[in-house]
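Here are the chains, one letter per residue:
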Amino acid sequence: MISTILEFQNVSFSRGSRLLLDRLSFAIETQEMVALLGPNGVGKTTMLKLASRLLQPASGNVLLQGKPLADWSRQHLPRSIALVPQELELPFNFRVEEIVAQGRVPYLPLFGAGTTRDREAIESAMEAVDIVGLRDRPFSQLSGGERQRVKIAIGLAQQSKLMLLDEPTQHLDVGRQIELIALLRRLNKRGITIIAAVHDLHLVAENFSSVIMLTPEPAWIAGPTAEVMRPDLLGRTFCVSQSDLAQYCVSPPSDGLAQVW
């Protein structure tokens, strides 16, 4: 039986006097691969931070595995959900293996040392994203694509079943974008639910099962990729002509959308 892993129930959020998210509602099932779309400034990063409890909604509820985020302990929440940020700022020049090891912090007792299980989880995470050979390299010396793999490895070391990625293909060339999306698809097949904010519409149709699209109004639409990737909806979201968007679209619409503004 398919179960819901993440749900937003009428979630609203304001930044100062500006309403950024307005009654956002959707449900994501286990092992879905979801693209989060929308122009800059509409709240994609905010939504991911709300989903990981880095921000609190002004109203509404966010549920993880059917339980409000507020009811999750600080120790257990990171074991179930991992946020991969756009940028990873490090105060020191850590080696790759040291950075990936940070994913085990939720499992460590206060002032405790890592166990064999922790070391195995770190090694497995590095193997999954093919960075074992980089374990002793300083993070500052890595390419953009290598850095993204390290950040994903941190999430894998957490052994969470839900991974949120904020612009994972940003600053990558086309080849590295394709490699990274292929990696996310492999992780998804292993049972990890993926929600990724993406800008390149070319990557969406063939790789993501569902789409959540945010607009400047603010408004939103959520549903299967084939229902959301339509010229009329994309045109209104990104303020471009429908004819210019035909190449990104999947199929004519039906009635499967969660909401149309």
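Rules and cut-offs
Residues numbered from 1 in each chain as written. Predicted model: local features only at pLDDT ≥ 70, side-chain atom pairs only at ≥ 80, totals over all residues. Heavy atoms only, no water. Patch = residues over 30% accessible without salt bridge, like charges linked within 9 Å, V, L, I, M, F, W, Y side chains within 5 Å. Areas by Shrake-Rupley, 256 points an atom, 1.4 Å probe, with all protein chains shown as cover. Salt bridge = Lys/Arg side-chain N within 4 Å of Asp/Glu carboxyl O. Helix = DSSP H or I, 4+ residues; strand = E, 2+ residues; numbered from the N terminus. Pairing = 2+ DSSP bridges. Contact = heavy atoms within 4.5 Å. Axes fitted to C-alpha atoms, helices over the stretch in contact; angles between N-to-C directions. Core = buried A, V, L, I, M, F, W, Y, C linked by side-chain atoms within 4.5 Å. Buried < 20%, exposed > 50% of the residue type's maximum accessible area, 1.4 Å probe, protein only. Expected span 1.5 Å × (residues − 1). Arc of directions from axis to C-beta. Phe/Tyr/Trp six-rings, centres within 6.5 Å; stacked < 30°, edge-to-face > 60°. Lys NZ or Arg CZ within 6 Å of the ring centre and 35° of its normal. Parallel < 35°, antiparallel > 145°, perpendicular 65-115°, else oblique. Left-handed = near helix turned anticlockwise from the far one by under 90°. Nonpolar A, V, L, I, M, F, W, Y, C, P; charged D, E, K, R; others polar.

J.: Give a detailed account of a nonpolar patch on the surface, specifying residues and quantitative values.
T.: Nonpolar side chains collect at one region of the surface, where L90, F92 and F94 lie side by side and expose about 280 Å² of accessible area between them. In this fold, L90 is placed in the loop between β6 (81-84) and α3 (96-100).

J.: Quick one: what's the story with the sheet that holds strand β4 (residues 59-64), residue by residue and with numbers?
T.: Judged by pairing direction, the sheet is antiparallel, and its four strands sit side by side in the order β2-β1-β4-β5 without closing on themselves. The open sheet has two edge strands with one neighbour each: β2 (18-29) and β5 (67-68). Across the face of the sheet, helix α1 (residues 44-51) comes into contact with β1 (4-15), β2 and β4 while running at roughly 125° to β1.

J.: Break down the sheet that holds strand β10 (residues 219-224) for me, citing the residues and quoting the values.
T.: As summarised here, the arrangement of the six strands in space is β6-β7-β8-β3-β9-β10, forming an open sheet in which the pairing is mixed. Of all strands in the sheet, those bounded by a partner on one side alone are β6 and β10. Recorded for the sheet is a direction-independent mean angle of 15° between the axes of neighbouring strands. Pairing of β6 with strand β7 (residues 162-166), which is carried by four bridges, proceeds in the parallel orientation. Among the inter-strand pairings, A82 is bridged to a residue of β7, identified as M163. Docked against the sheet, helix α5 (residues 144-157) engages β6 and β7, running at close to 160° with respect to β7. In this fold helix α8 (residues 231-238) packs onto β9 (210-215) and β10, with an angle of close to 35° to the strand it touches most, β9.

J.: Provide a residue-level description of the nonpolar core, including the pertinent values.
T.: If you look at the biggest cluster of nonpolar residues, it comprises 45 residues, and the most contacted ones within it are L37, V100, I131, I152, L156 and L184. If one sorts the elements of this core by residue count, α5 sits on top with six residues. In this structure L37 touches K44, V198, L201, V204, V211, I212, M213, L214 and M229, once residues within four positions along its chain are discounted. Core analysis: the next-biggest nonpolar cluster, separate from the first, contains 31 residues, L50, L64, L69 and L214 among them.

J.: Break down helix α4 (residues 116-128) for me, citing the residues and quoting the values.
T.: Each α-helix turn comprises 3.6 residues. Residues three or four places apart therefore point the same way. For α4, with 13 residues, the first-to-last C-alpha span of 18 Å sits near the 18 Å given by 1.5 Å per residue. Listed as buried for α4 are D118, A121, I122, A125, M126 and A128. Seen end-on, α4 carries its buried residues on one side only, within an arc spanning 165°. In α4, the exposed residues that point more than 90 degrees away from the buried face are R119 and E120.

J.: Pulling in residues and values, what's your account of the packing of aromatic side chains?
T.: In this description, a pair of aromatic rings is defined by centroid distance and the angle of the planes. Within the structure shown, the criterion is met by one aromatic pair. In this structure, K67 is placed above the aromatic ring of W72, and the distance from its NZ or CZ to the ring centre is 4.3 Å. One Lys or Arg, R104, reaches over the ring of Y107 and ends 3.9 Å from the middle of that ring.

J.: Quick rundown of the packing of α4 against α5? Include the residues and the values.
T.: Viewed as axis vectors pointing N to C, α4 and α5 meet at an angle of 140°, and their least axial separation amounts to 8 Å. As the angle between them shows, α4 and α5 are arranged oblique. Judged by the twist between their axes, the crossing of α4 over α5 is right-handed. Contacts between α4 and α5 involve A121, A125 and A128 on the former and, on the latter, A153, L156 and A157. Each residue belonging to the contact of α4 with α5 can be placed in one class, and the counts come to six nonpolar, no polar and no charged.

J.: Summarise α1; cite the residues concerned and give the values.
T.: With six of eight residues buried, α1 is to be regarded as a mostly interior element. For α1, every residue scored as buried is listed here: K44, T46, M47, L48, L50 and A51. Backbone geometry just after α1 places R53 at a positive phi near 65°.

J.: Give a description of the pattern of salt bridges that names residues and reports values.
T.: When the charged atoms of two side chains lie near each other, side chains of opposite charge can form a pair. The full count for this structure, using the stated rule, is ten salt bridges. A salt bridge links E98 to R95, with the nearest nitrogen and oxygen atoms 3.8 Å apart. Residues E146 and R137 are paired through a salt bridge, measuring 4.0 Å at the closest nitrogen-oxygen approach. Several salt bridges share partner residues, and in doing so they unite R95, E98 and D136 into one network.

J.: Explain the pairing of β2 to me, and be specific about the residues and the numbers.
T.: The pairing of β1 with β2 spans eight bridges and is antiparallel. Across the sheet, the residue bridging to E7 is A27, located in β2. Taking the residues that link successive antiparallel strands as the turn, the β1-β2 hairpin has two residues, and the phi of G16 there is positive, at about 65°.

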